[in-house]
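Structure at a glance
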Amino acid sequence: MENNENTKYWAIINGVRLGPMSLDELVRLAPENATPVWRQGLPDWCAASSLPELAGCITTAVPPIPSVPQPPVTPPDYQPHIPQVSAAPMPVIPNPDNMQPMPPTYLAWSIITMLLCCLVPGIVALVYSTKVSSRFNIGDIEGARKASENAAIWIIVTVVCGLIAIPFQFVLALI
């Protein structure tokens, strides 16, 4: 792929997904050989060393100086701590050139209204709520804003349906 000034890149550096950014911004981050990067036209993430446009711009990591290993002192009742792996998406650091906050997801509101008010429109609100962060993370700011607005609208519809249903539920409970 030719280096186009409109090509946007994403990289994962120190466990943080960064992007979208230009090639110059990516080079300023000084990616290492194994740094995962992606750009439009690639089927999946790849190592920075495999992109021809990054040739000569990649830094090599300096290995740390090994220390003399000390035998661990383990108490007899020691239970090793196994860290929990989070399934949450990696945080995204927005591009400083176009800093825009992520629109509200209304996820908690959609779950509460779905459970307490009315199930069907609450599910629609929940679907739109989940689309906000995924669209924002891929750089679709306008799509994230529209999903946020639709989530808010469907939350209101859910509450109104729940309020309309209360008298009918009261009558049915008396029968």
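Above: the structure in question.
In this report, we go over the structure that sits alongside the text. (Residues numbered from 1 in each chain as written. Predicted model: local features only at pLDDT ≥ 70, side-chain atom pairs only at ≥ 80, totals over all residues. Heavy atoms only, no water.)

A few words now on the packing of helix 3 (residues 119-137) against helix 4 (residues 141-174). Closest axis-to-axis distance for the helix 3/helix 4 pair is 8 Å, and the angle between their directions is 160°. As the angle between them shows, helix 3 and helix 4 are arranged roughly antiparallel. Crossing geometry of helix 3 relative to helix 4 is assigned as left-handed. Where helix 3 abuts helix 4, its residues Pro121, Gly122, Val124, Ala125, Tyr128, Ser129, Lys131, Val132, Arg135 and Phe136 lie against Ile141, Gly143, Ala144, Ala147, Ser148, Asn150, Ala151, Trp154, Ile155, Val157, Thr158 and Cys161. (Axes fitted to C-alpha atoms, helices over the stretch in contact; angles between N-to-C directions. Helix = DSSP H or I, 4+ residues; strand = E, 2+ residues; numbered from the N terminus. Parallel < 35°, antiparallel > 145°, perpendicular 65-115°, else oblique. Left-handed = near helix turned anticlockwise from the far one by under 90°. Contact = heavy atoms within 4.5 Å.)

Next up on the list: the packing of aromatic side chains. Using the criterion set out here, one finds one aromatic pair in the structure. Ring centres 5.3 Å apart and planes at 55° place the aromatic pair Trp10 and Trp38 in the tilted group. Note that Trp10 is positioned in strand 1 (residues 9-13) and Trp38 in strand 3 (residues 36-39), a separation of 28 residues in sequence. (Phe/Tyr/Trp six-rings, centres within 6.5 Å; stacked < 30°, edge-to-face > 60°.)

Before going further, it helps to examine the pairing of strand 3. Of the two faces of strand 3, only the one carrying Val37 and Arg39 is buried; Pro36 and Trp38 on the other face are not. Relative to strand 3, strand 1 runs antiparallel, the two being bridged by three bridges. From the neighbouring strand, Trp10 faces strand 3, where its bridge partner is Trp38. Bridge count for strand 3 against strand 4 (residues 46-47) is two bridges, and the pairing is antiparallel. (Buried < 20%, exposed > 50% of the residue type's maximum accessible area, 1.4 Å probe, protein only. Pairing = 2+ DSSP bridges.)

A word on the pairing of strand 1. The pairing of strand 1 with strand 2 (residues 16-21) spans four bridges and is antiparallel. Residue pairing for strand 2: Ala11 is matched across the bridge by Leu18. In textbook terms, the turn of a hairpin is the stretch between consecutive antiparallel strands, and for strand 1 and strand 2 this stretch comprises two residues, one of which, Asn14, has a positive phi near 55°.

Together, Leu107, Trp109, Ile111, Ile112, Leu115 and Leu116 line one region of the surface with nonpolar side chains, adding up to about 640 Å² of accessible area. With respect to the secondary-structure elements, Leu115 resides in helix 2 (residues 107-116). With a relative accessible area of 62%, Leu115 lands in the exposed category. (Patch = residues over 30% accessible without salt bridge, like charges linked within 9 Å, V, L, I, M, F, W, Y side chains within 5 Å. Areas by Shrake-Rupley, 256 points an atom, 1.4 Å probe, with all protein chains shown as cover. Salt bridge = Lys/Arg side-chain N within 4 Å of Asp/Glu carboxyl O.)

We now examine the side chain of Ser110. With respect to the helices and strands, the residue Ser110 is situated in helix 2. Among the polar contacts listed, one links the side chain of Ser110 to the backbone oxygen of Leu107, at a separation of 2.8 Å. If we skip the residues at most four places from it in the chain, Ser110 touches Gly122, Ala125, Leu126, Ser129 and Ile155. (Polar contact = N/O pair within 3.5 Å; in protein donor to acceptor, adjacent residues only side chain to side chain.)

Further remarks concern the pattern of salt bridges. One pass over the structure, following the stated rule, counts three salt bridges. Through salt bridges with shared partners, a single ionic network connects Glu142, Arg145 and Glu149.

Let us look at the environment of Gly139. Tracing the sequence through the fold places Gly139 in the loop between helix 3 and helix 4. For the pair Gly139 and Gly19, spaced 120 residues apart in the sequence, the C-alpha separation amounts to 7.9 Å.

Residues Tyr9, Ala11, Leu18, Met21, Leu23, Leu26, Val37, Leu42, Cys46, Ala48, Leu51 and Leu54 constitute the largest nonpolar core, which totals twelve residues. Sorting the residues of this core by element identifies strand 1, strand 2 and helix 1 (23-28) as the ones contributing at least two each. Apart from residues no more than four positions distant in its own chain, Leu26 is found in contact with Tyr9, Ala11, Met21, Pro31, Val37 and Leu54. (Core = buried A, V, L, I, M, F, W, Y, C linked by side-chain atoms within 4.5 Å.)

Remember, this is a structural readout, not a statement about activity or role.
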